[in-house]
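# Structural overview
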Amino acid sequence: MARIPLLDQRGNLSEGQQAVFDWIVESRGKMIRPFEVLLHVPEMARPAAELGHQIRYEGSLSDHDRELAIISAAKAHRSDFEWESHIGLARAAGVSEEAIAALRAGTEVAPPDGVIVGFVFELCRDSTVSDATWSSAQDRLGLSGVVELSTLVGYYTLLAFVMNAAQAG
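Residues numbered from 1 in each chain as written. Predicted model: local features only at pLDDT ≥ 70, side-chain atom pairs only at ≥ 80, totals over all residues. Heavy atoms only, no water.

## Focus: the overall build of the chain
Per the secondary structure count, the chain includes eight helices and zero strands. Written out in order from the N terminus, the α and β elements of the chain read α-α-α-α-α-α-α-α. Relative to a compact globule of 169 residues, whose C-alpha radius of gyration would be 15 Å, the chain shows 16 Å and is just as compact. Dimensions of the chain along its principal axes, counting C-alpha atoms only, are 50 × 35 × 30 Å. The burial tally for the chain puts 45% of its 169 residues in the buried class. Put simply, 62% of the contacts in the chain that link residues at least 6 apart link residues at least 24 apart. For the chain, the computed accessible surface area is about 8700 Å², with 53% contributed by carbon and sulfur atoms. Computed over 14 positive and 23 negative side-chain charges, the inter-centroid distance for the chain is 6 Å. (Helix = DSSP H or I, 4+ residues; strand = E, 2+ residues; numbered from the N terminus. Rg over C-alpha atoms; globule rule 2.2 N^0.38 Å. Buried < 20%, exposed > 50% of the residue type's maximum accessible area, 1.4 Å probe, protein only. Contact = heavy atoms within 4.5 Å. Areas by Shrake-Rupley, 256 points an atom, 1.4 Å probe, with all protein chains shown as cover. Lys, Arg positive; Asp, Glu negative; His and termini not counted. Charge placed at Lys NZ, Arg CZ, Asp CG, Glu CD.)

Right under this line is the structure:
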């Protein structure tokens, strides 16, 4: 049971909420659950949706690396919604069943995927990463790639926190 009513019907929304609802549907093809919560504050929902659009559709990370990072953040924050929303996308992007099984079981993911998974888990756990973790990620993704990865983790942390707080405990 949700603590926060989901705003999933356009006709029940204020003019400002409708404008954001329309933008989200246009950018993603449909309304999705985190924004059904965030629409309670449309001034925050729109910029969050714009950042998510940039990360998902215009970023430079490969589909594989992006989806691996997303399901890693979902696992780190126990966000069942994000896990279920992205596990099929991760498979389609070539994330191995071995990596998915290790994430699901909470065991170490083998290289090279372990570089991204380790970065995501360390950042989620400690709010920073060690020099060694940073260096490994930079070797794999380059400097701008690590900045993008860090931003992705922050964005999916935001969505996980919104979704986790909105659900009854």
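## Here's the deal with the packing of aromatic side chains
Counted under the stated rule, the structure contains two aromatic pairs. Seen in terms of ring centroids, phenylalanine 119 and tryptophan 134 are 6.3 Å apart; in terms of plane orientation they differ by 45°. Their pairing is tilted. Of the two residues, phenylalanine 119 is situated in helix H7 (residues 113–126) and tryptophan 134 in helix H8 (residues 131–166); the sequence distance between them amounts to 15 residues. For tryptophan 134, a relative accessible area of 29% corresponds to the partly exposed category. (Phe/Tyr/Trp six-rings, centres within 6.5 Å; stacked < 30°, edge-to-face > 60°.)

## Considering H7
Over its 14 residues, H7 runs 20 Å from end to end, which matches the ideal 20 Å to within 8%, given 1.5 Å per residue. Turning to H7, its buried residues number three or more, namely Asp113, Ile116, Val117, Phe119, Val120, Glu122, Leu123 and Cys124. Where H7 is buried, its residues touch helix H4 (63–76), helix H6 (97–105) and H8. Among the residues trailing H7, serine 127 stands out with phi positive, at a value near 65°. (Expected span 1.5 Å × (residues − 1).)

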